[in-house]
Each structure stands twice: as C-alpha cells, then as structure tokens.
Amino acid sequence: MDTSINENEVVKAQGITFRYGDAPQPVIDLLDLSLKRSEVLFLIGLSGMGKTTLLKILAGLYSPQTGDVFIQGAPLAMLNSKDRRMILRRVSMTFQRSGLFDSLTVLENLLFPLKELTLFSPEQSLKVAQKILSQVELRGSESKFPFEMSGGMQKRLGIARALVLEPEVVFYDDPTAGLDPITSKHIVELILKVHKEKETATLIATSELDLALGVSRKNLARIAFLHEGRILQIGTAEEILDSNNPVVFQFVRGLLKGPLTRLESE
Amino acid sequence: MYLLGVQSVPIIFVSLGFVGLMMILELAFHMRLVLKHDALVPAFSAVLMVRELGPVITCLLLTSRIGAGIAAEIGSMKVTEQLDALKMLSIDFIDYLVIPRWIGAVFSACTLTVLSIAVALFGGAFLATQKLGTSPGEYLNTVFFFVKFSDVVRCLIKAAIFGTLIPFIAAYQGFTCGTGSAAVGEAATQAVVRTSLSIIIADFILTYLFYAI
C-alpha cells in the first residue's frame, strides 16, 4: 500500500474498508484510489458494487472501518470535528435521489447553504444564487419546489447546490440516472462545462459505460472500474477497453456469459 | 408550532370534551352505588383529569398526530438523501431538525393539556348541571377547592416531559429508519407505539415520584 501523499492528489483513499452493520462481506474492501487536481475520474461498475458507498466515504459522510481518506493531504479520521468541517467545506456532492430539500423552493435550496456556511449578506447570497441558477439554466424557476420540477431540472438544481459554495472537489452520484439520452447528454455537458470553468476535481459514479467512454476519449478523463469493493482497473478509455481482466472484459463488451453473470447466478 | 400544536386542537378538544362527559357519568353511577350520594363527583373528576387523564390523553393524541409525522418526515429525508445533504453542509441534525420540534412539542403539549382540561371541565360542568342537579358555580367551587396549585404544576411537568418524549423518540425512529417507503411507514408506526408506551410508563414513574415527595 502506497502511504505517500502526492501534492497533486486532492482526494486519496488508502486501504479503506467499509461494511454496513454486521454484514459479513464488506461493501468496500481495502480500496486505494486517488483523484488528482482538476481531473475528471469516472467510477464505473455494476449496480450494488459500492459506488455510492465509496463516494459517501470520500465525502466524509461515512467513516471507513479501516484505512483513511485524505483531502488535500489531511487525514479525515485524524482531524478534530472543527478541522474536519473546514476541510470538508472544500468537497461537495450531488446525490442519486437528488437530496434536494423538498420543503424549500429552488432559490431557498441555494440560499440555505450560503446562509448557514458563509458570512454573505442576503443581497450577496441572492446574487451568488442567481448566478449559479443562470449557469445551470434554471432562471425563472426560483419559486418552484423540487417536486414540481422534471428529473433533469432536479439534477441541474442538485448540481447548482453542489457548486454554490465553490468547492474544489465535486462528487456526482449517478447524475444521469433515470434521464432520457438527450437530458443525460445535457447534464454531462453541464458537469464538464462547470469542471472547465472552475477547474474542480470531479468524480462521477455511473453505470453507463458509453457515457464514461465518450467523455474519457474527448477529455482524457480516467475511468476506474469498481467491483466487489475494489478497483479492478483504472486508466484511459482505451486501457479499459483493452483490459485483460475477465470481469472488466465482460462488462465493457456487455457479454452475457462471464465471471459477472456467474457471480450473480451464484 | 402551527403544525405541531394548532392543527391538533380539534381532535384533542373533541376527545377530551367527551372524556369529561364520560367521567361524570361513570363517577356518578359508581358513587351513587357505593356511597349513595354524588356530591364529590366534580371534585374527583377534576382531580383525575388534572393529575392523570389531561396530560396523558392529550399527549397520546399528540403522539398519534405529530409523533408519526416527525418520524415519517425525517425518515423520508433519510430515504431521499436530504440528511446526507445536510451532513455535507456540516449542519447538526439535532440543532436543525430536533430542537425546533422539541420546543414546539413541549409548548404544544403544555398549552393543549391546560386547554383540553378546561374543555373537559366545562363539559363536565354542563353534564353535572343536567344530570346531577349541581349548579355551574357549585361545580366550579368544588373543583377549585379540591384541585391544588401543586396538582397544576405536576400536570404541567408531566405534559412537558411527555412533550419531550414525543419528538425525541419520533426523530430517533426517523434517523434509524431503513431504506424505501415501507421503512418510512414502519418508522412512523414504531414512533407512535414506542412513544405511547413511554408516555404511559413515564406517567406511572412520575405519579409514583409525586406521591413519594
């Protein structure tokens, strides 16, 4: 296990293991992963293989039973609660089930973090919120509640809320889940646009291989393949496509027979 | 406060009003049977209402209304990852979700208990004048003679403690609820069951302590 911290690594997971309650099998099993400054990394894998759990561990929402997560070199497990909060201010996340506050309007969903975590005046907060809403093309929807919006609009609002505090690292949990191909493409373009403008380190968890391959080829994003709590392979689109690993090979080719389907039938 | 207290007024007033009427009928029947007179019916019914039934029934009704609601709301926030979003913002769940509900529940429990006892006593006074031939003035004189200030203080202490149990147990059920809509329903049910049991057990303990003091 490499215990050194590279300056270029904004997030680094080292030997992390996580299991829910008394479950016999860990969801994340001695996993190592690093996310470099200003890079886009896709986390792909079958559903239920621990992508969301891994993102939540990296975001400090769950504490791993072994190993540690380093945010800009700071080990989360070793920090006191105040320092931990300060470090995690640099990290943001969008959620698979949106995580939007359903009792608040679109504008209030953005103003809430600004009110709680910054010293901005109400006028400054409003200005910041409206700027972000323009970026995600949600101007005019300020007074709507999340449940009055389409899935794509909710995803865009989730992205806006994740960006409102100007984080240096953003995790996107299945940002295109349940969306039609056009809306999916729109969301991905929005994520990449924001990444380019703000140079955030971006980790996107998805089950959609084509999406990851497409972006990886254009933007030199890396792809990490997660299976049974471990990263089986990490590399460029070509490296993933040419993988000799039988699990990765079956996944990228969508084969019905192979170790993945054998595991499922067992 | 509006959701926790004001919206609970109709169900609590109607229920306690009928409890007041029922107590007069029951006590009058048994007192006539055993003691051969019913002059102390207003006194007994008022003491029983202030010391026991007022806070207990009010808070049990509040539990079914707001306990289930708090558990379902927080459980649903967990299922839809709103709690994770709050945690990402470093917002303390207890400060943000529980304390305001606790303040609202304690205030609602105390005020609704006092008001519902008043409704029950007025209901009792009405029936006593009709059935027992007692005048309203006589009824209220007997009530104020037997119900001491310490009874009212104890009644409010009980209401405050029951009002504390409701949001804390319900919030705990919400925070520990599983995933899926069935789990949210289960959390709401468990919140009502566990809070109701806690109120009844706490009522026994408090009554025991009050008599011991």
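Residues numbered from 1 in each chain as written. Chains lettered and ligands numbered in written order. Predicted model: local features only at pLDDT ≥ 70, side-chain atom pairs only at ≥ 80, totals over all residues. Heavy atoms only, no water.

1. Considerations on the overall build of chain B
In step 1: Within chain B one finds seven helices and zero strands.
In step 2: Secondary structure elements in chain B, listed N-terminal to C-terminal, are α-α-α-α-α-α-α.
In step 3: Dimensions of chain B along its principal axes, counting C-alpha atoms only, are 70 × 35 × 30 Å.
In step 4: Classification of the 213 residues of chain B by burial places 47% in the buried group.
In step 5: A total accessible area of about 10200 Å² is found for chain B, and carbon and sulfur atoms account for 74% of it.
In step 6: Distance between charge centres in chain B, computed from 12 positive and 12 negative side chains, equals 8 Å. (Helix = DSSP H or I, 4+ residues; strand = E, 2+ residues; numbered from the N terminus. Buried < 20%, exposed > 50% of the residue type's maximum accessible area, 1.4 Å probe, protein only. Areas by Shrake-Rupley, 256 points an atom, 1.4 Å probe, with all protein chains shown as cover. Lys, Arg positive; Asp, Glu negative; His and termini not counted. Charge placed at Lys NZ, Arg CZ, Asp CG, Glu CD.)

2. Examining the packing of aromatic side chains
In step 1: Counting across every chain of the model gives eleven aromatic pairs over all chains.
In step 2: Ring geometry for phenylalanine 204 of chain B versus tyrosine 208 of chain B: centroids 6.0 Å apart, planes at 40°, classification tilted. One end of the pair, phenylalanine 204 of chain B, and the other, tyrosine 208 of chain B, are both in helix 7 (residues 181-212), four residues apart, so they sit about a helical turn from each other. The same class applies to phenylalanine 204 of chain B as to tyrosine 208 of chain B, namely exposed.
In step 3: Grouped by ring-pair contacts, the aromatic residues Phe18, Tyr20 and Tyr62 of chain A constitute a single cluster. (Phe/Tyr/Trp six-rings, centres within 6.5 Å; stacked < 30°, edge-to-face > 60°.)

3. Topic: the nonpolar core
All names here are of chain A.
In step 1: Val11, Leu35, Leu54, Leu58 and Phe171 are the most contacted members of the largest nonpolar core, which has 53 residues in total.
In step 2: With five residues, strand 1 (residues 9-18) is the largest single contributor of residues to this core.
In step 3: Excluding anything up to four places from it in sequence, phenylalanine 171 contacts Val11, Leu35, Leu55, Leu58, Ala59, Val91, Ser92, Met93, Thr94 and Leu203.
In step 4: By size, the runner-up hydrophobic cluster in this structure holds 46 residues, among which are Leu100, Leu114, Leu157 and Ala212. (Core = buried A, V, L, I, M, F, W, Y, C linked by side-chain atoms within 4.5 Å. Contact = heavy atoms within 4.5 Å.)

4. Quick word on the interface of chain B and chain A
In step 1: At the junction of the two partners, chain B supplies 13 residues and chain A supplies 22 residues.
In step 2: Here chain B and chain A share an interface that buries about 1600 Å² over both sides, 62% of which is from carbon and sulfur atoms.
In step 3: When the buried surface of chain B facing chain A is broken down by residue, Glu81, Met88 and Leu89 of chain B rank first, second and third, together holding 41% of it.
In step 4: At the boundary of chain B with chain A, the tally comes to two salt bridges.
In step 5: The shortest N-O distance in the salt bridge between aspartate 84 of chain B and lysine 56 of chain A comes to 2.7 Å.
In step 6: Viewed at the interface, chain A and chain B are joined by seven residue pairs in polar contact (both at pLDDT 80 or more).
In step 7: If one sorts the elements of the side of chain B that touches chain A by residue count, helix 3 (residues 82-88) of chain B sits on top with six residues. (Buried area = accessible area lost by both parts, 1.4 Å probe. Salt bridge = Lys/Arg side-chain N within 4 Å of Asp/Glu carboxyl O. Polar contact = N/O pair within 3.5 Å; in protein donor to acceptor, adjacent residues only side chain to side chain.)

5. Here's the deal with the pairing of strand 8 (residues 201-206) of chain A
Residue and element names in this part refer to chain A.
In step 1: Counting buried residues in strand 8 gives six out of six residues, a clear majority hidden from the surface.
In step 2: Pairing of strand 3 (residues 40-44) with strand 8 involves five bridges; the strand directions are parallel. The residue of strand 8 that forms the bridge with isoleucine 44 is threonine 206.
In step 3: As paired elements, strand 7 (residues 169-173) and strand 8 share five bridges and run parallel to each other. Residue pairing in the sheet places valine 170 in a bridge with threonine 202 of strand 8.
In step 4: With respect to chirality, the unit in which strand 7 leads through helix 6 (residues 181-198) into the neighbouring parallel strand 8 is right-handed. (Pairing = 2+ DSSP bridges. Right-handed = clockwise from strand over helix to strand, strands pointing away.)

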